[in-house]
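Okay, here's what each chain looks like letter by letter:
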Amino acid sequence: MKRQSSSSHSGSSGSGDVEQNPLTAIFLMTSAMLLLPVMDITAKYLSAELPTLEVTFGRFFFQLLISLAIALVTGRLMHLRGKQPVVNYLRGILLGTASLCFFTAVKYMSVATAISIFFVEPMVLTILAAVLLKEQVGPRRIGAILVGLLGAIIVLRPTLAEIGLVSLLPVATAVLFSFYLLLNRLYPVRDDLLTIQFSAGLSASLLLGAGLVIGYLTGIEGMEFVMPDAPQSGLLALIGLISFAGHGLVVSAFQRGSASMLAPLQYIEIVSATLFGYLVFSNFPDGPTWLGIALIISSGLYITHRERKLRQAASN
């Protein structure tokens with residue numbers, strides 16, 4: 001899931017002293033898109049035995065531990081508070097809630113389908129920016145939004161009938177992630193990668209941990225804590241490690257290459273999720289689903305292209 005990746009970091013790379021290297025940027029971004037679905041596949045596997053809330057908590061808790069360990073080893077522990085802690089913690093809450101929605105979705109549906117539906121995010125972001133930030137949206141982008149939403153409906157077609165409203169959780173993930181990106185527009189990221197990773201891990205762990213405590217005290221089904229065994233603990237740690245590494249790869253990619261060049265590469269994630277989903281769970285999208293995926297990707301690419309053109313026109 002998303003998840004601290006793709007376009008969210010086009011403005012957060014923050015280091016103008018990193019040399020631009022398009023080939024390295026493409027390699028890093030491609031590596032991230034091949035790696036991140038492994039996190040989702042692992043979460044789906046664990047969700048068969050552990051509550052999804054606990055799996056999501058594990059992702060951010062181990063991300064927090066990794067951040068703390070690196071800060072301790074590198075002597076940067078005192079710098080983890082950052083320059084804008086409240087905003088950083090709010091980012092973490094949004095990401096934690098989005099991850100919970102996504103991991104719950106992949107418990108009931110294939111990872112490839114969930115990721116494909118999530119990619120309505122550029123359309124959702126455009127709509128929210130128009131409504132909340134009063135950004136102008138022309139007829140071309142409105143048309144692209146409609147095409148993308150049509151694609152999402154096609155992809156949702158079988159899962160909505162089979163599992164009901166749970167299949168809309170990837171859309172909820174896209175909405176939450178869009179708010180995360182809007183927050184980045186209002187408050188550009190000013191801290192380094194390690195601080196951002198720590199802040200997200202801490203705030204999301206506190207939020208999700210509170211949910212587990214409430215579930216334990218009240219006995220609410222799906223929120224109760226189940227003590228993981230050694231292999232399960234190892235897989236939870238793996239999710240946290242992939243989250244940390246995938247985020248780092250994406251940020252490093254955007255430090256070395258332009259957003260317009262890297263944004264299309266995020267759709268490699270659908271291909272890798274399909275491959276891993278087939279190998280582990282024997283899930284494979286049918287023909288109409290691939291049509292819907294193609295419409296979503298085409299819409300997202302066109303919206304990215306139009307926004308780049310508009311930015312170039314505004315700067316001239």
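Only a predicted model underlies this, so the values are computations on that prediction, with no experimental measurement involved.

Observations regarding the environment of Pro288
Here's step 1: Note that Pro288 resides in helix α12 (residues 287–315).
Here's step 2: Distance in space between the C-alpha atoms of Pro288 and Ile220 is 38 Å, their sequence separation being 68 residues.
Here's step 3: With residues up to four places along the chain from it excluded, the contact list for Pro288 reads Ile154 and Arg157.

Section: the side chain of Arg306
Here's step 1: Tracing the sequence through the fold places Arg306 in helix α12.
Here's step 2: Despite being buried, Arg306 has no salt bridge partner; Glu307 is the closest side chain of opposite charge, sitting 9.5 Å away.
Here's step 3: Apart from residues lying up to four places away in sequence, Arg306 is in contact with Arg140 and Arg141.

Observations regarding the nonpolar core
Here's step 1: Residues Met29, Val55, Phe102, Ile115, Phe119, Val120 and Leu262 are the most contacted members of the largest nonpolar core, which totals 68 residues.
Here's step 2: Among the elements that make up this core, the one with the highest residue count is helix α1 (residues 22–46) (ten residues).
Here's step 3: By size, the runner-up hydrophobic cluster in this structure holds seven residues, among which are Leu64, Ile66, Leu194 and Phe198.

Quick notes on helix α6 (residues 139–163)
Here's step 1: Between its first and last C-alpha atoms α6 spans 35 Å; for 25 residues at 1.5 Å apiece the expected length is 36 Å, and the two agree.
Here's step 2: Taking the largest bend as the criterion, α6 deviates by roughly 50°, centred on Leu156, and proline Pro158 comes between one and four positions later.
Here's step 3: Within α6, the full set of buried residues consists of Arg141, Ala144, Ile145, Gly148, Gly151, Ala152, Ile154, Val155, Leu156 and Thr159.
Here's step 4: Taken together, the buried residues of α6 touch α4 (111–118), α5 (121–132) and α12.
Here's step 5: Positive phi appears at Gly164, one or two residues downstream of α6, with a value of about 80°.

Overview of a nonpolar patch on the surface
Here's step 1: Together, Ile127, Val131, Leu132, Ile142, Leu146, Leu149 and Phe179 make up a nonpolar patch on the protein surface, roughly 600 Å² of accessible area in all.
Here's step 2: Elements with a minimum of two residues in the nonpolar patch: α5 and α6.
Here's step 3: Summarising the element assignment, Val131 is placed in helix α5.

Calculation rules
- Residues numbered from 1 in each chain as written.
- Predicted model: local features only at pLDDT ≥ 70, side-chain atom pairs only at ≥ 80, totals over all residues.
- Heavy atoms only, no water.
- Helix = DSSP H or I, 4+ residues; strand = E, 2+ residues; numbered from the N terminus.
- Contact = heavy atoms within 4.5 Å.
- Buried < 20%, exposed > 50% of the residue type's maximum accessible area, 1.4 Å probe, protein only.
- Lys, Arg positive; Asp, Glu negative; His and termini not counted.
- Salt bridge = Lys/Arg side-chain N within 4 Å of Asp/Glu carboxyl O.
- Core = buried A, V, L, I, M, F, W, Y, C linked by side-chain atoms within 4.5 Å.
- Expected span 1.5 Å × (residues − 1).
- Bend = angle between axes of the 7 residues up to and from the residue.
- Patch = residues over 30% accessible without salt bridge, like charges linked within 9 Å, V, L, I, M, F, W, Y side chains within 5 Å.
- Areas by Shrake-Rupley, 256 points an atom, 1.4 Å probe, with all protein chains shown as cover.

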